[in-house]
2 protein chains.
Amino acid sequence: MATVSRTLAGNYPVSEETRTRVMAAVASLHYVVNVHAKALSGRVAGPVALVIKDITGPSLAHVAAGVEQEAADRGRLSLVCATHDDPAREDDLVQLMREQHAAAVLLVGGAVPGEAYDRRMAGYAEALDAAGSRLVLVGRPSPAPDLPLTVVDYDNRGGAFQAVSHLLAHGHRRVLFLGGEAGMSSAEERRAGYRDALRAHGVDHHGDLDTIGTYTRTSGYARTRDALRDGPEFTAVFAASDMVALGALAALREAGRDVPGDVSVVGFDDVPFATDLTPALTTVRVPYAELGRTAVRLALSSGEAPTGEDHVVLGTQLIIRQSVRRLTW
Amino acid sequence: MATVSRTLAGNYPVSEETRTRVMAAVASLHYVVNVHAKALSGRVAGPVALVIKDITGPSLAHVAAGVEQEAADRGRLSLVCATHDDPAREDDLVQLMREQHAAAVLLVGGAVPGEAYDRRMAGYAEALDAAGSRLVLVGRPSPAPDLPLTVVDYDNRGGAFQAVSHLLAHGHRRVLFLGGEAGMSSAEERRAGYRDALRAHGVDHHGDLDTIGTYTRTSGYARTRDALRDGPEFTAVFAASDMVALGALAALREAGRDVPGDVSVVGFDDVPFATDLTPALTTVRVPYAELGRTAVRLALSSGEAPTGEDHVVLGTQLIIRQSVRRLTW
DNA sequence: GGACGGATAGAAAACGATTACTGTTCGATC
DNA sequence: GATCGAACAGTAATCGTTTTCTATCCGTCC
């Protein structure tokens with residue numbers, strides 16, 4: 001037994017003849033080591049766990065791809081789990097990952113911040129840290145400093161600011177904001193960016209232009225249709241996600257409004273087909289794959305370096321295409 | 001030790017007082033079982049492994065979502081691995097999954113059939129079967145009967161037949177086919193469906209209308225642009241994937257050809273945003289999520305039922321939208 | 001009142017690796 | 001020619017559970 005183990009590991013002198021015999025036996029028996037036994041004694045590199053609301057979203061799929069790639073490069077497997085927005089499921093999964101001895105647990109996607117949230121995250125962080133794992137919050141608010149966790153976020157507020165500034169710089173003054181759900185961190189940040197931009201350009205904020213809803217095509221469609229029908233007046237739309245922008249474009253088309261002739265539209269996410277819409281959608285690019293890669297990189301190196309980075313914010317970039325036009329009176 | 005194990009498993013009488021003491025200790029120590037130790041003795045449900053070329057593609061993400069959901073419903077975790085089309089990596093992953101004691105290994109996406117392919121799949125099937133796992137080929141050719149593997153495929157040929165028949169029924173006779181790579185199973189089947197439809201409608205097959213390329217936007221764009229510039233003449237395009245259709249639409253728009261006024265277009269896959277293109281794309285819907293769910297279901301029940309199904313073909317459906325119009329002379 | 005059996009709890013043997021010890025062999029050194 | 005150490009092979013402890021076996025206690029039943 002010992003000799004076989006040493007032959008396969010190659011960390012101990014084994015005579016050429018023995019090595020050959022072992023290899024022959026391994027081949028003829030189709031032997032493969034048992035990870036469980038291996039993990040019980042020697043050290044085994046634990047998997048990286050990706051806990052996500054839903055893998056289907058075009059942007060989240062890119063996060064997953066980044067995670068998988070970086071994990072694979074470092075010899076780790078990737079576990080992917082969907083929560084479908086159920087906090088109880090999230091609790092279970094963190095527990096499960098502790099059992100699995102995951103090297104890192106990545107919680108991806110916006111959340112509703114608050115005391116309850118902070119408590120939950122603190123609990124996760126402590127529990128995982130005690131088990132030698134690492135909690136990483138990706139695109140989620142940071143609960144409190146001094147917790148053993150890593151945060152990898154992107155600049156929601158800045159991205160929204162750029163997008164709205166772009167519209168304002170083109171002369172638009174009445175910008176319909178199709179925002180996300182109230183309370184959700186990323187939605188609130190994008191909303192804050194929208195308001196920042198208005199303020200920076202000295203434009204009054206109109207409450208009825210500042211709408212709340214989900215990041216779905218349906219919601220974008222309904223809100224745009226309602227605004228077109230019942231007011232308020234607007235000459236531009238800032239959709240807090242490209243899916244919402246899709247709905248807005250559909251509603252505008254249906255109402256016979258030309259984009260960008262009559263109404264300008266800016267989205268958020270830069271989904272792959274944004275450039276294939278008519279008109280090609282001006283939107284805010286979020287480095288989703290990079291987000292996933294960074295999360296894994298920081299998590300796996302957090303053990304080594306004593307003073308590794310544990311809070312990173314990636315930048316966003318406005319991608320200018322054809323859905324915005326200067327407003328002329 | 002025994003008592004703790006029994007208390008947590010709840011499969012043996014334990015006095016109320018002992019149970020309380022155990023639970024208190026578990027809570028105060030933040031104890032969680034070690035899966036590895038558990039797997040070594042008692043039985044543990046192994047994970048489901050999804051081996052895929054690239055998670056980013058909109059259709060593959062849906063397969064992944066289906067797999068994850070069905071696996072989670074059955075209490076399994078999902079491992080996701082990307083091969084980036086590297087056969088050596090595929091070999092490694094199958095080996096790795098054997099070590100991991102995966103309950104099922106799903107190989108997803110087209111492949112180049114042939115003797116080499118058959119031999120590789122046979123090797124995988126035997127090796128996994130010997131380890132108590134199950135190989136599932138999803139959307140891939142079936143190598144040979146009587147191998148311990150499951151095939152879950154969808155009707156590429158029938159879907160293509162429907163799509164092209166739809167165009168022919170609308171009077172089109174010169175249909176540019178933007179096919180996939182030569183040799184790839186799914187691409188060849190869609191090509192066969194294209195030719196079937198031509199034959200069924202008594203339309204001659206023109207070799208120069210029957211093109212080969214990759215399933216990318218770029219390839220669709222280049223081939224359509226070249227055809228517009230150098231011939232052959234065509235009044236309709238059948239793109240073997242929606243990404244290719246995207247490229248075709250871009251090239252047509254650029255050339256000032258109206259869709260569907262001048263040229264009709266049909267795609268394949270029904271990606272989520274197909275309905276948001278201008279015009280909304282008529283395309284063939286493939287039940288990707290269902291494919292993933294079915295694969296997991298069959299794999300996990302293959303052990304139980306002695307005569308379970310081990311070869312399933314799911315149907316496809318033509319989704320008629322606005323990118324096809326009757327050809328008038 | 002002793003035999004029997006149900007309810008509990010502990011002891012010990014797996015599960016399949018890794019690795020610190022022990023041994024053995026054999027060439028080199030003084 | 002005895003000693004030493006390098007090269008290699010085998011023994012046994014260990015990792016953390018689960019699951020037989022045993023063992024104890026006690027109430028029941030004749």
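Every value quoted in this text rests on a predicted model; they were computed, and no experiment measured them.

(A) How the structure looks around the protein's contact with DNA strand C. Contacts to DNA strand C come from 24 residues, most closely from A:Ser5, A:Tyr31, B:Tyr12, B:Ser15 and B:Thr18. Backbone sugar and phosphate groups make up 57% of those atoms of DNA strand C lying within 4 Å of the protein. Within the contact set of DNA strand C, a base nitrogen lies 3.3 Å away from a backbone nitrogen or oxygen of A:Ala37. Here a phosphate oxygen of DNA strand C sits 2.2 Å away from a polar atom, N or O, in the side chain of B:Thr18. Of all the elements in the fold, those that place two or more residues in the surface near DNA strand C are α1 (2-9) and α3 (35-40) of chain A together with α1 (2-9) of chain B. Per-class residue counts for the surface near DNA strand C are twelve nonpolar, nine polar and three charged.

(B) Representation of the domain arrangement of chain A in the model. On domain assignment, one finds that chain A holds domain 1 (2-32), domain 2 (48-154 + 287-314) and domain 3 (156-286). Between domain 1 of chain A and domain 2 of chain A, the C-alpha centre-to-centre distance is 39 Å.

(C) Examining the packing of helix α5 (residues 87-99) of chain A against helix α6 (residues 115-130) of chain A more closely. Residue and element names in this part refer to chain A. Contact geometry for α5 and α6: axes closest at 10 Å, N-to-C directions at 10°. Judged on the interaxial angle alone, α6 and α5 are roughly parallel. On α6, the residues touching Pro87, Glu90, Asp91, Val94 and Arg98 of α5 are Arg120, Met121, Tyr124, Ala127 and Leu128. Classifying every residue of the contact of α5 with α6 gives six nonpolar, no polar and four charged.

(D) Spotlight on the packing of helix α9 (residues 217-230) of chain B against helix α10 (residues 242-254) of chain B. All names here are of chain B. Running from amino to carboxyl end, α9 crosses α10 at an angle of 40°, the nearest separation of the two axes being 6 Å. The orientation of α9 relative to α10 falls into the category oblique. α10 is crossed by α9, and the crossing has right-handed handedness. Contacts from Arg217, Gly220, Tyr221, Arg223, Thr224, Arg225 and Leu228 of α9 reach α10 at Met243, Val244, Leu246, Gly247, Ala248, Ala250, Ala251, Leu252 and Glu254. The residue makeup of the contact of α9 with α10, split by class, is nine nonpolar, three polar and four charged.

(E) Just the interface of chain A and chain B, in detail. Taken together, the 39 residues of chain A in the interface contact 39 residues of chain B. Between chain A and chain B, the buried area comes to about 3900 Å², and carbon and sulfur atoms account for 63% of it. Looking only at chain A, the three residues that lose the most surface to chain B are A:His36, A:Leu77 and A:Asp276, adding up to 17% of its buried area. At the boundary of chain A with chain B, the tally comes to two salt bridges.

Definitions and limits used
- Residues numbered from 1 in each chain as written.
- Chains lettered and ligands numbered in written order.
- Predicted model: local features only at pLDDT ≥ 70, side-chain atom pairs only at ≥ 80, totals over all residues.
- Heavy atoms only, no water.
- Near = heavy atom within 4 Å.
- Polar contact = N/O pair within 3.5 Å; in protein donor to acceptor, adjacent residues only side chain to side chain.
- Helix = DSSP H or I, 4+ residues; strand = E, 2+ residues; numbered from the N terminus.
- Nonpolar A, V, L, I, M, F, W, Y, C, P; charged D, E, K, R; others polar.
- Domains from an automatic or database assignment.
- Axes fitted to C-alpha atoms, helices over the stretch in contact; angles between N-to-C directions.
- Parallel < 35°, antiparallel > 145°, perpendicular 65-115°, else oblique.
- Contact = heavy atoms within 4.5 Å.
- Left-handed = near helix turned anticlockwise from the far one by under 90°.
- Buried area = accessible area lost by both parts, 1.4 Å probe.
- Salt bridge = Lys/Arg side-chain N within 4 Å of Asp/Glu carboxyl O.

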